[in-house]
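The residues making up each chain are set out below.
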Amino acid sequence: MSEPPQKLTLVATCAAGLEELLEGELRDIGAGGVGAAGRAGGAGSAAGVERQRGAVVWSGGWDECWRANWRLRTANRVLVELGSWAGPDGAALAAGARALVAGAAWGAGGLGGQGLTVGGDAARPALDPGSLLQPERSFAIQATATASRVRDARWAALTVKDGLVDGQRERWGRRSDVDRDAPDLHLRLRLHRDQATLLLDTSGEPLDRRGYRVASGAAPVREQLAAACVLAAGWDGRGSVVDPMCGSGTLLIEAAWLALGIAPGQLRRGWAFESLPGFAPERFAAIRAEPMPAPGPGVRLIGNDRSAEALRGARVNLERAGLLARTTLLRGEASDLEAPADTPGGAGLVVVNPPYGERAAAGAAHWRELGDLLKQRFRGWRAVVLAGGPGLGKEIGLRPRRRLPVKNGPLDARILVFDLF
């Protein structure tokens with residue numbers, strides 16, 4: 001009889017405000033179907049999905065980990081929990097890390113009652129941190145600390161590093177090198193309410209490194225946030241996609257890849273999990289070959305911008321993304337843009353990231369102009385606007401069907417969805 005598949009505690013991180021959309025992606029992947037927003041589904045199992053601030057946690061095996069890295073559009077990284085223990089001070093942080101490697105008893109009663117748990121399953125851990133953290137593998141640790149007595153995240157990371165290498169010396173008589181530039185193991189320490197959790201980063205480079213952004217303009221929207229705009233719109237994939245202020249084309253690309261069923265990992269150079277012990281290339285190849293829903297196979301893209309330089313960048317990026325043949329790029333003011341008369345499938349989706357903050361010299365006037373454009377030229381369409389600045393898009397003069405507070409880098413923003421009926 002074969003052993004049951006290993007169960008890992010998996011954590012997909014995201015920007016604040018995107019947790020609901022990320023949870024929907026994970027449930028759709030696990031459910032094996034297409035959600036109401038046209039999100040990709042597929043084979044797999046996303047069990048015990050739990051939304052947290054800036055993350056979604058679930059359980060699954062390595063297939064689910066690899067599939068999440070390949071298909072999640074709104075995630076920053078996919079992590080695997082290695083262990084968790086009480087860390088109210090430096091001594092406890094170091095002791096828990098040492099025991100994690102040195103082989104203390106698994107389970108809630110381990111570490112002399114300090115509450116060490118490993119891999120999300122005290123009875124049969126899916127991933128033995130001691131076997132993973134062998135001295136021949138270099139590592140690096142990044143840490144965050146919130147609502148804890150230990151507030152200095154860098155000091156917490158250094159303390160846990162010391163505990164890990166002490167555990168290695170105890171177990172093997174030698175220790176790993178710390179390599180901040182290209183480590184074999186990317187580790188993340190989360191210290192929250194005096195509880196330390198050590199996680200393994202399986203993504204490596206953040207998942208917004210899609211591989212199509214060759215050129216970048218001023219203040220480009222991140223790929224995950226662009227994908228979130230499209231997902232939040234609940235777009236069915238039919239009709240054209242129009243961006244009146246397209247910049248380097250990120251919103252257009254994310255919308256088209258969703259409509260065409262192209263995985264966000266399609267052009268990536270690689271993931272950290274490919275160098276981990278137990279990686280099965282044939283299994284990952286099968287995951288990459290899984291069919292993904294393509295609700296808009298005939299999607300057409302129209303990008304407009306006043307900047308010739310921005311349009312040159314958009315052209316390069318769209319070509320790299322395999323979308324240039326289905327794209328029309330126009331130079332001009334957004335207020336002069338007309339809706340395409342022959343859009344396939346009828347009305348489509350308007351996506352736009354207007355300038356705000358330091359980029360918005362015209363104040364509220366450009367919001368009113370955008371509202372007039374949508375009302376007068378795109379009746380019957382759906383629109384999604386990434387709004388920021390003091391007014392957060394209130395001057396647009398339209399009532400949104402959905403408002404989603406998000407962070408665009410350090411700035412507060414809103415994803416606003418409008419039905420232009």
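Before reading further, recall that the structure is shown in the block above.
Summary of the structure given here. As the structure is a prediction and not an experimental result, all values here were calculated from the model.

1. Regarding the overall build of the chain
- Looking only at helices and strands, the chain features ten helices and 15 strands.
- Taken across its 421 residues, the chain has 54% of its residues classed as buried.
- For the chain, the proportion of contacts with a sequence separation of at least 24, taken over those separated by at least 6, is 75%.
- On the chain, roughly 18,000 Å² of surface is accessible, and the fraction owed to carbon and sulfur atoms is 48%.

2. Some details on the environment of Arg300
- If you trace the backbone, Arg300 turns up in the loop between helix H8 (281-289) and strand E10 (301-305).
- Separated by 23 residues in the primary sequence, Arg300 and Leu323 place their C-alpha atoms 9.0 Å from one another.

3. So, the pattern of salt bridges
- Enumeration according to the criterion identifies 27 salt bridges in this entry.
- Across the salt bridge formed by Asp162 and Lys161, the nearest N and O atoms sit 2.9 Å from each other.

4. A few points about the sheet that holds E10
- A sheet is described by the order of its strands in space; here seven strands give the open sequence E11-E10-E9-E12-E13-E15-E14, paired in mixed fashion. Strands with a single pairing partner mark the edges of an open sheet, and in this sheet they are strand E11 (327-331) and strand E14 (402-408). With strand direction ignored, the average angle separating the axes of adjacent strands in the sheet is 20°.
- Two elements, strand E13 (residues 382-388) and strand E15 (residues 411-419), share seven bridges in a ladder whose sense is antiparallel. Among the inter-strand pairings, Leu386 is bridged to a residue of E15, identified as Ile415.
- Along the sheet, helix H7 (residues 250-260) makes contact with strand E9 (241-243), E10 and strand E12 (349-352), crossing E9 at roughly 170°.
- Taken strand by strand, helix H9 (residues 308-320) contacts E10 and E11, and its axis lies near 170° from that of E11.

5. Observations concerning the nonpolar core
- In this structure, Leu164, Leu187 and Ile415 are the most contacted members of the largest nonpolar core, which totals 96 residues.
- Sorting elements by how many residues they give to this core places H7 first, with nine residues.
- Apart from residues no more than four positions distant in its own chain, Ile415 is found in contact with Leu225, Ala228, Cys229, Ala232, Val384, Val385, Leu386, Arg402, Arg403, Leu404 and Val406.
- Within the second largest apolar cluster, 18 residues are counted, among which are Leu337, Phe378, Ala383 and Ile396.

6. Quick look at the packing of helix H3 (residues 90-102) against helix H5 (residues 153-172)
- For the pair H3 and H5, the least separation of the axes is 7 Å and the interaxial angle reads 40°. In the packing of H3 onto H5, the handedness of the crossing is right-handed. Two secondary-structure elements touch here, H3 through Gly90, Leu93, Ala94, Ala97, Arg98, Val101 and Ala102 and H5 through Trp155, Ala156, Thr159, Val160, Gly163, Leu164, Asp166, Gly167, Gln168, Glu170, Arg171 and Trp172.
- For the contact of H3 with H5, a count of residues per class yields ten nonpolar, five polar and four charged.

7. A closer look at the environment of Gln52
- Tracing the backbone shows Gln52 in strand E2 (residues 47-52).
- Residues Gln52 and Ala12 lie 40 residues apart in sequence; the distance between their C-alpha atoms is 10.0 Å.
- When neighbours within four sequence positions are excluded, Gln52 is seen to be in contact with Glu19, Val57 and Arg190.

8. A word on the pairing of strand E6 (residues 139-146)
- By the bridge criterion, eight bridges tie E6 to strand E7 (residues 185-192) in an arrangement that is parallel. Bridge pairing in E7 links Phe139 to Leu185.
- In this fold, the crossover linking E6 to E7 by way of H5 has left-handed handedness.

9. Details of the packing of helix H6 (residues 223-233) against H7
- The contact between H6 and H7 brings their axes to 9 Å, and the two run at 60°. Considered as vectors, H6 and H7 are oriented oblique to each other. Between H6 and H7 lies a crossing whose hand is right-handed. Where H6 approaches H7, its residues Glu223, Ala226, Ala227, Cys229, Val230 and Leu231 are matched on the opposing element by Thr250, Leu251, Glu254, Ala255 and Leu258.

10. A look at the packing of aromatic side chains
- One pass over the structure, following the stated rule, counts twelve aromatic pairs.
- Ring centres of Trp66 and Phe279 lie 5.2 Å apart, and the angle between their planes is 75°; on these two criteria the pair is classed as edge-to-face. Of this pair, Trp66 sits in helix H2 (residues 62-71) while Phe279 sits in the loop between H7 and H8, placing them 213 residues apart in sequence.
- Here a set of aromatic residues connected by ring pairs shows up, and it is made of Trp62, Trp66, Trp70, Trp271, Phe273, Phe279 and Phe284.

11. Let's talk about unusual backbone geometry
- Phi is positive for Arg193, which is not a glycine, with a value near 50°.
- Along the chain, Arg193 turns up in the loop between E7 and strand E8 (195-201).
- A relative accessible area of 62% means that Arg193 is categorised as exposed.
- Phi angles above zero are rare outside glycine, and Asp194 is one such case at about 65°.
- Overall, Asp194 belongs to the buried group, its relative accessible area being 16%.

12. Quick look at the side chain of Thr74
- Locating Thr74 in the fold gives a position in the loop between H2 and strand E4 (77-86).
- Residue classification places Thr74 among the buried residues on the basis of a relative accessible area of 0%.
- With residues near it in sequence (within four places) discarded, Thr74 still touches Thr13, Cys14, Leu18, Leu21, Leu22, Glu25, Gln224, Ala228 and Leu231.

Cut-offs used in this document
Residues numbered from 1 in each chain as written. Predicted model: local features only at pLDDT ≥ 70, side-chain atom pairs only at ≥ 80, totals over all residues. Heavy atoms only, no water. Helix = DSSP H or I, 4+ residues; strand = E, 2+ residues; numbered from the N terminus. Buried < 20%, exposed > 50% of the residue type's maximum accessible area, 1.4 Å probe, protein only. Contact = heavy atoms within 4.5 Å. Areas by Shrake-Rupley, 256 points an atom, 1.4 Å probe, with all protein chains shown as cover. Salt bridge = Lys/Arg side-chain N within 4 Å of Asp/Glu carboxyl O. Pairing = 2+ DSSP bridges. Axes fitted to C-alpha atoms, helices over the stretch in contact; angles between N-to-C directions. Core = buried A, V, L, I, M, F, W, Y, C linked by side-chain atoms within 4.5 Å. Left-handed = near helix turned anticlockwise from the far one by under 90°. Nonpolar A, V, L, I, M, F, W, Y, C, P; charged D, E, K, R; others polar. Right-handed = clockwise from strand over helix to strand, strands pointing away. Parallel < 35°, antiparallel > 145°, perpendicular 65-115°, else oblique. Phe/Tyr/Trp six-rings, centres within 6.5 Å; stacked < 30°, edge-to-face > 60°.

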